[in-house]
Amino acid sequence: MNEIYLIDTHTHINMIEGLSEEKILEEASKNNVKKIVVPASSAGDIDKVFELSQKYENVYCYLGIHPSEAKDWNDEISDKIKEFAKSPKVAGIGEIGLDYYWDKSFVELQQEVFIKQIELANELNLPLNIHDRDAHKDTFDILKEHNKNSKVIMHCFSGSPEFAKECLKEGWYIALGGVVTFKNAKKMKEVATEVPLDRLLLETDAPYLTPVPHRGEENQPAFVKFVAEEIAQLKGISFEDVAIATTQNTKHILGI
Ligand code: NI
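Small disclaimer: the values here were computed from a predicted structure and weren't measured. (Residues numbered from 1 in each chain as written. Predicted model: local features only at pLDDT ≥ 70, side-chain atom pairs only at ≥ 80, totals over all residues. Heavy atoms only, no water.)

## Some remarks on the overall build of the protein
Right, so step 1: A tally of helices and strands in the protein yields nine helices and eight strands.
Right, so step 2: At 17 Å, the protein has a C-alpha radius of gyration in line with the 18 Å of a compact globule built from 256 residues.
Right, so step 3: A principal-axis box enclosing the C-alpha atoms of the protein has dimensions of 45 × 40 × 35 Å.
Right, so step 4: Partitioning the contacts of the protein with sequence separation of at least 6, the portion at a separation of at least 24 is 72%. (Helix = DSSP H or I, 4+ residues; strand = E, 2+ residues; numbered from the N terminus. Rg over C-alpha atoms; globule rule 2.2 N^0.38 Å. Contact = heavy atoms within 4.5 Å.)

## A look at the coordination of the nickel ion
Right, so step 1: Looking at the metal site, the nickel ion is ligated by His10 (NE2), His12 (NE2), Glu95 (OE) and Asp205 (OD), spaced 2.1 to 2.3 Å from it.
Right, so step 2: Given four donor atoms and angles of 83 to 173° at the metal, the environment of the nickel ion is assigned as irregular.
Right, so step 3: Here the donor residues of the nickel ion are spaced in sequence according to H-x1-H-x82-E-x109-D. Of this pair, His12 sits in the loop between β1 (6–8) and α1 (21–30) while Asp205 sits in the loop between β8 (200–202) and α8 (224–235), placing them 193 residues apart in sequence. Comparing His12 with Asp205 shows no difference in burial state: the two are buried. (Donors = N, O, S within 2.8 Å, 3.2 Å for Na, K, Ca; no water. Tetrahedral: all angles 85-135°; square planar, octahedral: opposite > 155°, others 65-115°. Buried < 20%, exposed > 50% of the residue type's maximum accessible area, 1.4 Å probe, protein only.)

## As for the layout of surface pockets
Right, so step 1: By volume, the largest pocket is sized at about 670 Å³.
Right, so step 2: Lining the largest pocket are 26 residues, and of these His131, Arg133, Cys156, Asp205 and Leu209 sit closest to its centre.
Right, so step 3: Of all elements in the fold, only β4 (90–99), β5 (128–133) and α7 (186–194) reach the threshold of two or more residues within the lining of the largest pocket.
Right, so step 4: In terms of residue count, the dominant contributor to the lining of the largest pocket is β5 (three residues).
Right, so step 5: Its residues placed into classes, the lining of the largest pocket shows nine nonpolar, nine polar and eight charged. (1 Å grid on protein atoms, 1.4 Å probe; cavity = no way out; pocket = protein on both sides within 12 Å on 5 of 7 lines; lining within 4 Å. Points joined across faces, edges and corners; volume = space filled by probe spheres on them. Nonpolar A, V, L, I, M, F, W, Y, C, P; charged D, E, K, R; others polar.)

## Considerations on the pairing of strand β7 (residues 173–176)
Look at any regular strand and the pattern is simple: side chains alternate between the two faces of the sheet.
Right, so step 1: Neither face of β7 is left uncovered, since the one carrying Tyr173 and Ala175 and the one carrying Ile174 and Leu176 both have all their residues buried.
Right, so step 2: Pairing of strand β6 (residues 152–155) with β7 involves two bridges; the strand directions are parallel. Among the inter-strand pairings, Met154 is bridged to a residue of β7, identified as Ile174.
Right, so step 3: One ladder, built from three bridges, connects β7 with β8; its direction is parallel. Residue pairing across strands places Ile174 opposite Leu200, the latter belonging to β8. (Pairing = 2+ DSSP bridges.)

## Points about unusual backbone geometry
Right, so step 1: Put simply, Gly94 and Glu95 share a cis peptide bond, and its omega is -5°.
Right, so step 2: Within the secondary structure, Glu95 is located in strand β4.
Right, so step 3: Along the chain, Ala206 connects to Pro207 via a cis peptide bond; the corresponding omega equals 10°.
Right, so step 4: In this model, Asn32 sits at a positive phi of 65°, which is unusual for a non-glycine residue.
Right, so step 5: Its identity is not glycine, yet Asp205 carries a phi of approximately 55°, on the positive side.

## A look at the packing of aromatic side chains
Right, so step 1: Throughout the structure, instances matching the rule amount to six aromatic pairs.
Right, so step 2: An aromatic cluster is present here, built from Phe140, Phe157, Phe163 and Trp172 joined pairwise through their rings.
Right, so step 3: Note that Lys71 overlies the ring of Phe106, its terminal NZ or CZ placed 3.8 Å from the centroid.
Right, so step 4: The ring of Phe182 carries the charged tip of Arg215 above its face, separated from the ring centre by 3.8 Å. (Phe/Tyr/Trp six-rings, centres within 6.5 Å; stacked < 30°, edge-to-face > 60°. Lys NZ or Arg CZ within 6 Å of the ring centre and 35° of its normal.)

## Description of the packing of helix α6 (residues 161–169) against α7
Right, so step 1: Axis separation between α6 and α7 bottoms out at 9 Å; the angle between their running directions is 35°. Like other packed secondary-structure pairs, α6 and α7 cross with a definite hand, here right-handed. Touching Pro161, Ala164 and Lys165 of α6 are Lys187, Glu190, Val191 and Glu194, all from α7. (Axes fitted to C-alpha atoms, helices over the stretch in contact; angles between N-to-C directions. Left-handed = near helix turned anticlockwise from the far one by under 90°.)

In structure tokens form, the structure reads like this:
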């Protein structure tokens, strides 16, 4: 029988202010969250999240530049990622993509840096952890055109059930977080119901998007269990089934 545990596939533990690294990992472990993946956002994060992955056995990282930080991208960072990616603790390239919500003043630069990082992931044969905010069509089109061989995870999926179907057709994976537990998140509950179990991943995106019943508190990896519980309820299956499937998917995609 499979050992049953959860993996938080996207969690910024370096940004959590109220708990020490050790406490975060202890709480996670107590709640049966046995592995976590910490994405880089800015250039300054790359060393930090890589160090975390080297320091703790159950911590992995994604390396990359968030679209809002696209101005940071340069050859030096690309070379650094290539060097760090020799470590098996680097699980993918992320979080990368497009964000038209915060700032639309440099859309072309965002797209250019997104494409360069897709190419880097392809070269390294690493999965992609995708940030798409208010940019579904462009994110989809760029991935479809430029991604050759990397597995794709749509992190903190925020599209419609129809968009989820389009992504599934491409063979991509859908990662859901705390939003699915929000009472008024009808669309996301529908997505959770419709996406097949073998294409779903769990995440917190901590310290943001804290799930019910901890709204108002800082999010942390341990809370990914509430996401799993909600999805189980929506699908009418057991918590264990959600845990087994999402953990197996994560192992398969990220090789962790
Ligand atoms: Ni994030």
